[in-house]
Amino acid sequence: DVKVTQSSRYLVKRTGEKVFLECVQDMDHENMFWYRQDPGLGLRLIYFSYDVKMKEKGDIPEGYSVSREKKERFSLILESASTNQTSMYLCASSLDLGRGDTEAFFGQGTRLTVV
Amino acid sequence: EDQVTQSPEALRLQEGESSSLNCSYTVSGLRGLFWYRQDPGKGPEFLFTLYSAGEEKEKERLKATLTKKESFLHITAPKPEDSATYLCAVQVVNDYKLSFGAGTTVTVRA
(Lines give C-alpha, C1' and ligand atoms only; values in the text may rest on other atoms or scores of the structure.)
Protein backbone atom coordinates (compact mmCIF):
# COMPACT_ATOMS: atom_id res chain seq x y z
CA ASP A 1 0.00 0.00 0.00
CA VAL A 2 1.06 3.54 -0.70
CA LYS A 3 2.05 5.32 2.43
CA VAL A 4 2.29 9.06 2.84
CA THR A 5 3.42 10.10 6.29
CA GLN A 6 3.21 13.59 7.74
CA SER A 7 5.51 14.32 10.64
CA SER A 8 2.89 15.71 13.02
CA ARG A 9 -0.86 15.26 13.53
CA TYR A 10 -1.24 18.41 15.61
CA LEU A 11 0.92 21.51 15.95
CA VAL A 12 0.49 24.73 17.91
CA LYS A 13 2.79 27.60 16.95
CA ARG A 14 3.06 31.25 17.82
CA THR A 15 2.57 34.13 15.41
CA GLY A 16 5.83 34.99 13.66
CA GLU A 17 7.43 31.57 14.13
CA LYS A 18 8.99 29.72 11.22
CA VAL A 19 7.14 26.41 10.85
CA PHE A 20 8.23 23.27 9.03
CA LEU A 21 5.78 20.58 7.96
CA GLU A 22 7.40 17.40 6.73
CA CYS A 23 6.01 14.74 4.43
CA VAL A 24 7.52 11.43 3.31
CA GLN A 25 6.18 8.93 0.76
CA ASP A 26 7.43 5.40 0.21
CA MET A 27 6.15 4.58 -3.30
CA ASP A 28 8.73 6.27 -5.52
CA HIS A 29 6.18 8.84 -6.71
CA GLU A 30 7.46 11.71 -8.81
CA ASN A 31 4.76 14.20 -7.85
CA MET A 32 4.14 15.60 -4.40
CA PHE A 33 1.62 18.20 -3.28
CA TRP A 34 0.71 20.38 -0.35
CA TYR A 35 -2.93 21.36 0.14
CA ARG A 36 -4.71 23.19 2.90
CA GLN A 37 -8.29 22.43 3.82
CA ASP A 38 -10.68 24.88 5.43
CA PRO A 39 -14.40 24.52 6.15
CA GLY A 40 -16.49 25.61 3.18
CA LEU A 41 -13.44 26.15 0.96
CA GLY A 42 -12.42 22.58 0.22
CA LEU A 43 -8.85 21.60 -0.60
CA ARG A 44 -6.71 24.34 -2.06
CA LEU A 45 -3.33 23.68 -3.62
CA ILE A 46 -0.41 25.55 -2.08
CA TYR A 47 2.59 24.13 -3.94
CA PHE A 48 3.49 21.04 -5.88
CA SER A 49 6.66 19.38 -7.07
CA TYR A 50 7.09 17.09 -10.07
CA ASP A 51 10.74 16.23 -9.48
CA VAL A 52 13.57 16.67 -7.01
CA LYS A 53 14.41 20.35 -6.56
CA MET A 54 11.51 21.31 -8.84
CA LYS A 55 8.50 23.21 -7.54
CA GLU A 56 5.55 25.12 -8.86
CA LYS A 57 3.12 27.46 -7.18
CA GLY A 58 -0.42 26.34 -6.70
CA ASP A 59 -3.45 28.50 -6.13
CA ILE A 60 -2.50 30.00 -2.75
CA PRO A 61 1.33 30.10 -2.37
CA GLU A 62 1.58 33.42 -0.51
CA GLY A 63 3.25 33.05 2.87
CA TYR A 64 4.58 29.58 2.10
CA SER A 65 7.65 28.00 0.55
CA VAL A 66 8.64 24.41 -0.11
CA SER A 67 11.71 22.22 -0.34
CA ARG A 68 12.27 18.95 -2.11
CA GLU A 69 15.85 17.79 -1.71
CA LYS A 70 15.04 14.08 -2.03
CA LYS A 71 12.42 12.31 -4.11
CA GLU A 72 10.59 10.88 -1.12
CA ARG A 73 10.44 14.03 1.00
CA PHE A 74 8.53 17.29 0.50
CA SER A 75 8.57 20.03 3.12
CA LEU A 76 6.22 22.96 3.54
CA ILE A 77 7.61 26.04 5.24
CA LEU A 78 5.62 28.85 6.78
CA GLU A 79 8.15 31.66 6.79
CA SER A 80 6.40 33.70 9.49
CA ALA A 81 3.28 32.02 10.79
CA SER A 82 0.10 34.07 11.01
CA THR A 83 -3.29 33.27 12.52
CA ASN A 84 -4.88 33.04 9.07
CA GLN A 85 -2.65 30.05 8.39
CA THR A 86 -4.47 28.03 11.04
CA SER A 87 -5.76 25.10 9.00
CA MET A 88 -5.55 21.41 8.16
CA TYR A 89 -2.55 20.76 5.94
CA LEU A 90 -2.55 17.73 3.68
CA CYS A 91 0.37 16.24 1.79
CA ALA A 92 -0.17 13.96 -1.20
CA SER A 93 1.86 12.09 -3.80
CA SER A 94 1.17 10.58 -7.21
CA LEU A 95 2.83 8.88 -10.14
CA ASP A 96 4.06 10.93 -13.07
CA LEU A 97 1.92 11.23 -16.18
CA GLY A 98 2.47 8.22 -18.43
CA ARG A 99 3.58 5.91 -15.63
CA GLY A 100 0.13 4.71 -14.75
CA ASP A 101 -2.88 5.86 -12.81
CA THR A 102 -2.32 9.30 -11.40
CA GLU A 103 -4.62 9.43 -8.43
CA ALA A 104 -3.13 11.22 -5.46
CA PHE A 105 -2.61 9.45 -2.14
CA PHE A 106 -2.86 11.57 0.97
CA GLY A 107 -1.25 11.64 4.36
CA GLN A 108 -3.24 11.79 7.57
CA GLY A 109 -3.05 15.57 7.76
CA THR A 110 -1.50 18.09 10.16
CA ARG A 111 -3.85 20.30 12.14
CA LEU A 112 -1.90 23.54 12.62
CA THR A 113 -3.06 26.19 15.06
CA VAL A 114 -1.28 29.54 15.10
CA VAL A 115 -1.87 31.57 18.25
CA GLU B 1 -10.60 28.45 -15.17
CA ASP B 2 -11.34 24.88 -14.13
CA GLN B 3 -14.33 24.55 -11.82
CA VAL B 4 -15.65 21.66 -9.79
CA THR B 5 -19.01 21.94 -8.01
CA GLN B 6 -20.46 19.34 -5.71
CA SER B 7 -24.07 19.07 -4.58
CA PRO B 8 -25.69 18.86 -2.18
CA GLU B 9 -23.39 20.26 0.53
CA ALA B 10 -24.88 17.87 3.07
CA LEU B 11 -27.05 14.78 2.85
CA ARG B 12 -28.81 13.03 5.71
CA LEU B 13 -30.00 9.51 4.97
CA GLN B 14 -31.76 6.78 6.84
CA GLU B 15 -29.96 3.45 6.81
CA GLY B 16 -30.97 1.64 3.61
CA GLU B 17 -32.12 4.82 1.85
CA SER B 18 -30.24 4.99 -1.46
CA SER B 19 -29.20 8.35 -2.90
CA SER B 20 -26.79 10.08 -5.28
CA LEU B 21 -24.16 12.79 -4.99
CA ASN B 22 -23.36 15.08 -7.90
CA CYS B 23 -20.06 16.50 -9.13
CA SER B 24 -20.28 18.87 -12.08
CA TYR B 25 -17.13 20.15 -13.75
CA THR B 26 -15.98 22.71 -16.28
CA VAL B 27 -12.47 22.02 -17.50
CA SER B 28 -10.47 22.65 -20.64
CA GLY B 29 -9.73 18.97 -21.21
CA LEU B 30 -10.49 16.24 -18.73
CA ARG B 31 -7.87 13.60 -18.13
CA GLY B 32 -9.52 11.98 -15.13
CA LEU B 33 -12.13 12.46 -12.42
CA PHE B 34 -11.43 11.12 -8.94
CA TRP B 35 -13.64 10.34 -5.97
CA TYR B 36 -12.35 10.34 -2.41
CA ARG B 37 -13.84 9.61 0.99
CA GLN B 38 -12.73 11.67 3.99
CA ASP B 39 -13.46 10.87 7.62
CA PRO B 40 -13.32 13.66 10.22
CA GLY B 41 -9.77 14.65 11.13
CA LYS B 42 -8.19 12.36 8.52
CA GLY B 43 -6.75 12.66 5.04
CA PRO B 44 -8.85 11.79 1.98
CA GLU B 45 -8.94 8.13 0.99
CA PHE B 46 -8.96 7.30 -2.71
CA LEU B 47 -12.06 5.54 -4.05
CA PHE B 48 -12.31 5.68 -7.87
CA THR B 49 -10.84 7.11 -11.03
CA LEU B 50 -13.02 7.67 -14.11
CA TYR B 51 -11.44 8.57 -17.42
CA SER B 52 -14.14 8.69 -20.09
CA ALA B 53 -17.85 9.40 -20.46
CA GLY B 54 -19.92 6.29 -19.90
CA GLU B 55 -17.41 4.70 -17.57
CA GLU B 56 -18.69 3.20 -14.32
CA LYS B 57 -16.88 1.80 -11.29
CA GLU B 58 -18.20 0.04 -8.19
CA LYS B 59 -16.94 -0.69 -4.72
CA GLU B 60 -19.23 -2.28 -2.17
CA ARG B 61 -22.26 0.05 -1.87
CA LEU B 62 -20.70 2.81 -3.96
CA LYS B 63 -20.98 3.26 -7.71
CA ALA B 64 -19.44 6.13 -9.66
CA THR B 65 -20.50 7.19 -13.15
CA LEU B 66 -19.21 9.83 -15.55
CA THR B 67 -20.73 11.95 -18.31
CA LYS B 68 -19.14 14.77 -20.30
CA LYS B 69 -20.27 17.35 -17.76
CA GLU B 70 -20.73 15.58 -14.45
CA SER B 71 -20.17 12.55 -12.29
CA PHE B 72 -22.48 10.83 -9.85
CA LEU B 73 -21.63 8.82 -6.80
CA HIS B 74 -24.51 6.48 -6.02
CA ILE B 75 -24.79 5.05 -2.53
CA THR B 76 -26.98 1.96 -2.46
CA ALA B 77 -28.58 0.86 0.82
CA PRO B 78 -26.15 2.91 2.92
CA LYS B 79 -25.01 1.93 6.38
CA PRO B 80 -23.90 4.24 9.22
CA GLU B 81 -20.26 3.44 8.39
CA ASP B 82 -20.77 5.15 5.02
CA SER B 83 -21.04 8.46 6.88
CA ALA B 84 -18.19 10.68 5.63
CA THR B 85 -17.41 13.61 3.39
CA TYR B 86 -17.13 12.61 -0.26
CA LEU B 87 -14.83 14.69 -2.43
CA CYS B 88 -14.47 14.76 -6.18
CA ALA B 89 -11.48 16.12 -8.04
CA VAL B 90 -10.53 16.63 -11.67
CA GLN B 91 -7.22 16.41 -13.47
CA VAL B 92 -6.81 18.06 -16.85
CA VAL B 93 -4.74 16.84 -19.74
CA ASN B 94 -0.98 17.33 -19.34
CA ASP B 95 -1.29 18.58 -15.78
CA TYR B 96 -0.18 16.97 -12.54
CA LYS B 97 -2.46 18.52 -10.01
CA LEU B 98 -5.99 17.75 -8.87
CA SER B 99 -8.63 20.44 -8.42
CA PHE B 100 -11.17 19.59 -5.76
CA GLY B 101 -14.80 20.36 -5.14
CA ALA B 102 -15.93 21.44 -1.67
CA GLY B 103 -17.37 18.03 -0.86
CA THR B 104 -20.67 16.48 0.20
CA THR B 105 -21.03 15.44 3.83
CA VAL B 106 -23.15 12.32 4.13
CA THR B 107 -24.69 11.27 7.44
CA VAL B 108 -26.42 7.90 7.62
CA ARG B 109 -28.67 7.30 10.63
CA ALA B 110 -29.35 3.80 11.94
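Everything here concerns the structure above.
Residues numbered from 1 in each chain as written. Chains lettered and ligands numbered in written order. Predicted model: local features only at pLDDT ≥ 70, side-chain atom pairs only at ≥ 80, totals over all residues. Heavy atoms only, no water.

(A) How the structure looks around the overall build of chain B. Tallying secondary structure elements over chain B gives zero helices and eleven strands in all. Listed N to C, the secondary structure of chain B is β-β-β-β-β-β-β-β-β-β-β in terms of helices and strands. Its C-alpha atoms give chain B a radius of gyration of 13 Å, near enough to 13 Å, the size a compact globule of 110 residues would have. Considering only C-alpha atoms, chain B reaches an extent of 45 × 30 × 20 Å along its principal axes. Out of the 110 residues belonging to chain B, those deemed buried represent 44%. Within chain B, counting contacts between residues at least 6 apart in sequence, those at least 24 apart form 54% of the total. In the form shown here, chain B has an accessible surface area of approximately 5,300 Å², with 45% of it arising from carbon and sulfur atoms. Charged side chains in chain B number 13 positive and 15 negative. The centres of these two groups are separated by 1 Å. (Helix = DSSP H or I, 4+ residues; strand = E, 2+ residues; numbered from the N terminus. Rg over C-alpha atoms; globule rule 2.2 N^0.38 Å. Buried < 20%, exposed > 50% of the residue type's maximum accessible area, 1.4 Å probe, protein only. Contact = heavy atoms within 4.5 Å. Areas by Shrake-Rupley, 256 points an atom, 1.4 Å probe, with all protein chains shown as cover. Lys, Arg positive; Asp, Glu negative; His and termini not counted. Charge placed at Lys NZ, Arg CZ, Asp CG, Glu CD.)

(B) A look at the pairing of strand β9 (residues 87–94) of chain A. All names here are of chain A. Burial runs high along β9: eight of the eight residues are buried. With seven bridges connecting them, strand β4 (residues 31–38) and β9 associate as antiparallel partners. Counterpart to N31 in the pairing with β9 is S94. Pairing of β9 with strand β11 (residues 110–114), which is carried by three bridges, proceeds in the antiparallel orientation. Paired with M88 across the strands is R111, a residue of β11. (Pairing = 2+ DSSP bridges.)

(C) Expanded view of the nonpolar core. Ranked by internal contacts, the top residues of the largest apolar core, which has 22 residues, are L21, L33, W35, L73, Y86 and V106 of chain B. Contributing elements (two or more residues each) for this core: β2 (10–14), β3 (19–26), β4 (30–38), β5 (45–50), β7 (62–66), β8 (70–75), β9 (84–92) and β11 (104–109) of chain B. Sort the elements by how many residues they give to this core and β9 of chain B lands first, with four residues. C23, I46, A81 and L112 of chain A belong to the second largest nonpolar core, which has 20 residues in total. (Core = buried A, V, L, I, M, F, W, Y, C linked by side-chain atoms within 4.5 Å.)

(D) How the structure looks around the interface of chain B and chain A. Contacts between the two partners involve 21 residues from chain B, matched on the other side by 25 residues from chain A. For the chain B face of the interface with chain A, the top three residues by lost area are Y96, K97 and F100 of chain B, together amounting to 33%. Across the contact surface, chain B and chain A share zero salt bridges. Inspection of the chain B/chain A interface yields five residue pairs in polar contact (both at pLDDT 80 or more). Of all the elements in the fold, those that place two or more residues in the side of chain B that touches chain A are β4, β5 and β9 of chain B. Of the residues forming the side of chain B that touches chain A, the biggest block, four residues, is contributed by β4 of chain B. Looking at the side of chain B that touches chain A, its residues break down into ten nonpolar, seven polar and four charged. (Buried area = accessible area lost by both parts, 1.4 Å probe. Salt bridge = Lys/Arg side-chain N within 4 Å of Asp/Glu carboxyl O. Polar contact = N/O pair within 3.5 Å; in protein donor to acceptor, adjacent residues only side chain to side chain. Nonpolar A, V, L, I, M, F, W, Y, C, P; charged D, E, K, R; others polar.)

(E) Representation of the layout of surface pockets. For the largest pocket, the calculated volume is near 510 Å³. Residue contributions to the lining of the largest pocket peak at three residues, all from β9 of chain B. Across the lining of the largest pocket, the residue classes tally to eight nonpolar, ten polar and five charged. By volume, the second largest pocket amounts to about 360 Å³. D59 of chain A together with E1, D2, S99 and F100 of chain B are the residues nearest the centre of the second largest pocket, which is lined by 14 residues in total. Of all elements in the fold, only β5 (42–49) of chain A together with β1 (3–7) and β10 (99–100) of chain B reach the threshold of two or more residues within the lining of the second largest pocket. For the lining of the second largest pocket, the residue count by class is six nonpolar, three polar and five charged. (1 Å grid on protein atoms, 1.4 Å probe; cavity = no way out; pocket = protein on both sides within 12 Å on 5 of 7 lines; lining within 4 Å. Points joined across faces, edges and corners; volume = space filled by probe spheres on them.)

(F) Structural view of the state of the cysteines. Summed over the entire model, instances satisfying the criterion amount to two disulfides over all chains. There is a disulfide in this structure between C23 of chain A and C91 of chain A, and the S-S distance comes to 1.9 Å. Taking the torsion about the sulfur-sulfur bond, which here is approximately -80°, the covalent link between C23 of chain A and C91 of chain A counts as left-handed. Of the two residues, C23 of chain A is situated in strand β3 (residues 19–25) and C91 of chain A in strand β9; the sequence distance between them amounts to 68 residues. Its relative accessible area of 0% is what places C23 of chain A among the buried residues. Among the residues examined, C91 of chain A registers a relative accessible area of 0% and is labelled buried. Bridging C23 of chain B to C88 of chain B, the disulfide has an S-S length of 1.9 Å. What sets the handedness of the C23 of chain B and C88 of chain B disulfide is the S-S torsion sign, and at about 70° it is right-handed. In this pair, C23 of chain B sits in strand β3 while C88 of chain B sits in strand β9, placing the two residues 65 residues apart along the sequence. No difference in accessibility class separates C23 of chain B from C88 of chain B, as the two residues are buried. (Disulfide = S-S within 2.5 Å.)

This is a description of form; function is not addressed.
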